[in-house]
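Residues per chain are reported as follows:
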Amino acid sequence: MKGKRKKTGSTSKSKLQKLDICYLDQTSVHPESYHIARSLLQKQGLKQEEIGTEKFVRAIQKLTPGDITSECGESTKQLILTSLSQLTENDYRDQFARPVFKSSVVCAESLTIGTELEGRVSNVTHFGAFVDVGLERDGLIHVSKMGGQRICLGNRVRVRVDKRDHKGIGLCLLQIM
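Here goes a summary of the coordinates provided.

Reading guide: rules and limits
Residues numbered from 1 in each chain as written. Predicted model: local features only at pLDDT ≥ 70, side-chain atom pairs only at ≥ 80, totals over all residues. Heavy atoms only, no water. Helix = DSSP H or I, 4+ residues; strand = E, 2+ residues; numbered from the N terminus. Buried < 20%, exposed > 50% of the residue type's maximum accessible area, 1.4 Å probe, protein only. Areas by Shrake-Rupley, 256 points an atom, 1.4 Å probe, with all protein chains shown as cover. Pairing = 2+ DSSP bridges. Axes fitted to C-alpha atoms, helices over the stretch in contact; angles between N-to-C directions. Parallel < 35°, antiparallel > 145°, perpendicular 65-115°, else oblique. Left-handed = near helix turned anticlockwise from the far one by under 90°. Contact = heavy atoms within 4.5 Å. Patch = residues over 30% accessible without salt bridge, like charges linked within 9 Å, V, L, I, M, F, W, Y side chains within 5 Å. Salt bridge = Lys/Arg side-chain N within 4 Å of Asp/Glu carboxyl O. Lys, Arg positive; Asp, Glu negative; His and termini not counted. Charge placed at Lys NZ, Arg CZ, Asp CG, Glu CD. Polar contact = N/O pair within 3.5 Å; in protein donor to acceptor, adjacent residues only side chain to side chain.

1. Regarding the overall build of the protein chain
Turning to step 1, where the next piece is worked out: Looking only at helices and strands, the protein chain features 4 helices and 5 strands.
Turning to step 2, where the next piece is worked out: Written out in order from the N terminus, the α and β elements of the protein chain read α-α-α-α-β-β-β-β-β.
Turning to step 3, where the next piece is worked out: Counting only residues that meet the buried cut, the protein chain has 30% of its 177 residues in that class.
Turning to step 4, where the next piece is worked out: Carbon and sulfur atoms make up 51% of the accessible area of the protein chain, which totals about 12,600 Å².

What follows is the structure, given as structure tokens:
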């Protein structure tokens, strides 16, 4: 078929327009409980688009776990109500101290041996603890570099860079904050 070209553009809605927006994603309701939350909203005459607004929050705050008729545990019902009763501006991370980032450290390659950093423990394993120090990859405090201290997930820590190579960032624990 000479002269005919295959269409490369789409005449239907753009990909962005085709996306289904799930307003429950802006809450801390677990996705496995979305059907329970949707059922509650429908029975209460509330719209998902209004999640996080003052009007919506006031309506949710008047409810009790008994208003949720779906079969689930009392704690799940309470978590759903608590999650839906948060204003959109509410960010649970605000309750935590923010890490101190060094402007001279923008990537792993800019680290030098001996640099002291602050971070948060993001994972604990049998061989050590991974620390988010604000770079593209977490650093590792090997158990031999913990000085006998017990580190827990979420701990804020001060660390020193002991090693940096293609495998990762080796850290030494200085202080649990």
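Still to come is the rest of the account.
2. Side note on the sheet that holds strand 1 (residues 116-125)
Turning to step 1, where the next piece is worked out: Taken together, 5 strands build a closed barrel; the order of strands is 1-2-3-5-4 and the barrel is mixed. Put simply, the sheet's adjacent strands are angled 50 degrees from each other on average, direction ignored.
Turning to step 2, where the next piece is worked out: Inspection of the sheet shows strand 2 (residues 128-132) paired to strand 3 (residues 139-142) by 4 bridges, in the antiparallel sense. From the neighbouring strand, G128 faces strand 3, where its bridge partner is H142.

3. A few points about the environment of L79
Turning to step 1, where the next piece is worked out: On the secondary structure map, L79 appears in helix 4 (residues 74-84).
Turning to step 2, where the next piece is worked out: On the basis of relative accessible area, L79 is assigned to the exposed category, the value being 57%.
Turning to step 3, where the next piece is worked out: Separated by 51 residues in sequence, L79 and S28 have C-alpha atoms that sit 8.5 Å apart.

4. Observations regarding the side chain of T115
Turning to step 1, where the next piece is worked out: With respect to the helices and strands, T115 occurs in the loop between helix 4 and strand 1.
Turning to step 2, where the next piece is worked out: With relative accessibility at 14%, the residue T115 sits in the buried group.

5. Section: the pairing of strand 3
Turning to step 1, where the next piece is worked out: The alternating pattern of strand 3 places G139 and I141 on a buried face and L140 and H142 on a face that is not buried.
Turning to step 2, where the next piece is worked out: Here strand 2 hands over to strand 3 after 6 residues, with G134 in that stretch at a positive phi of 90 degrees.
Turning to step 3, where the next piece is worked out: Relative to strand 5 (residues 168-176), strand 3 runs parallel, the two sharing 2 bridges. When the bridges of strand 5 are listed, L140 appears paired with G170.

6. A look at the packing of helix 2 (residues 34-44) against helix 4
Turning to step 1, where the next piece is worked out: As a packed pair, helix 2 and helix 4 sit with axes 11 Å apart at the nearest point and diverge in direction by 65 degrees. Relative to helix 4, the element helix 2 lies roughly perpendicular. Seen along the crossing, helix 2 lies across helix 4 with a hand that is right-handed. In this structure, helix 2 contributes I36, A37, L40 and L41 to the contact, and helix 4 contributes I80, L81 and L84.

7. As for a positive patch on the surface
Turning to step 1, where the next piece is worked out: A cluster of basic residues, K47, K55, R58 and K62, forms a positive patch at the surface.
Turning to step 2, where the next piece is worked out: Structurally, the position occupied by K62 is in the loop between helix 3 (54-61) and helix 4.
Turning to step 3, where the next piece is worked out: According to the relative accessible area criterion, K62 is exposed, its value standing at 70%.

8. Topic: the pairing of strand 5
Turning to step 1, where the next piece is worked out: Strand direction decides the pairing type here: strand 4 (residues 156-165) and strand 5, joined by 8 bridges, are antiparallel. Counted as the bridge partner of V159 is L173 from strand 5.
Turning to step 2, where the next piece is worked out: Linking strand 4 to strand 5, which pair antiparallel, is a turn of 2 residues.

9. Things to note about the side chain of T27
Turning to step 1, where the next piece is worked out: Positionally, T27 belongs in the loop between helix 1 (15-18) and helix 2.
Turning to step 2, where the next piece is worked out: A distance of 3.2 Å separates the side chain of T27 from the backbone nitrogen of V29, its partner in a polar contact.
Turning to step 3, where the next piece is worked out: Discounting chain neighbours no more than four positions away, the residues touching T27 are I51, S83 and L84.

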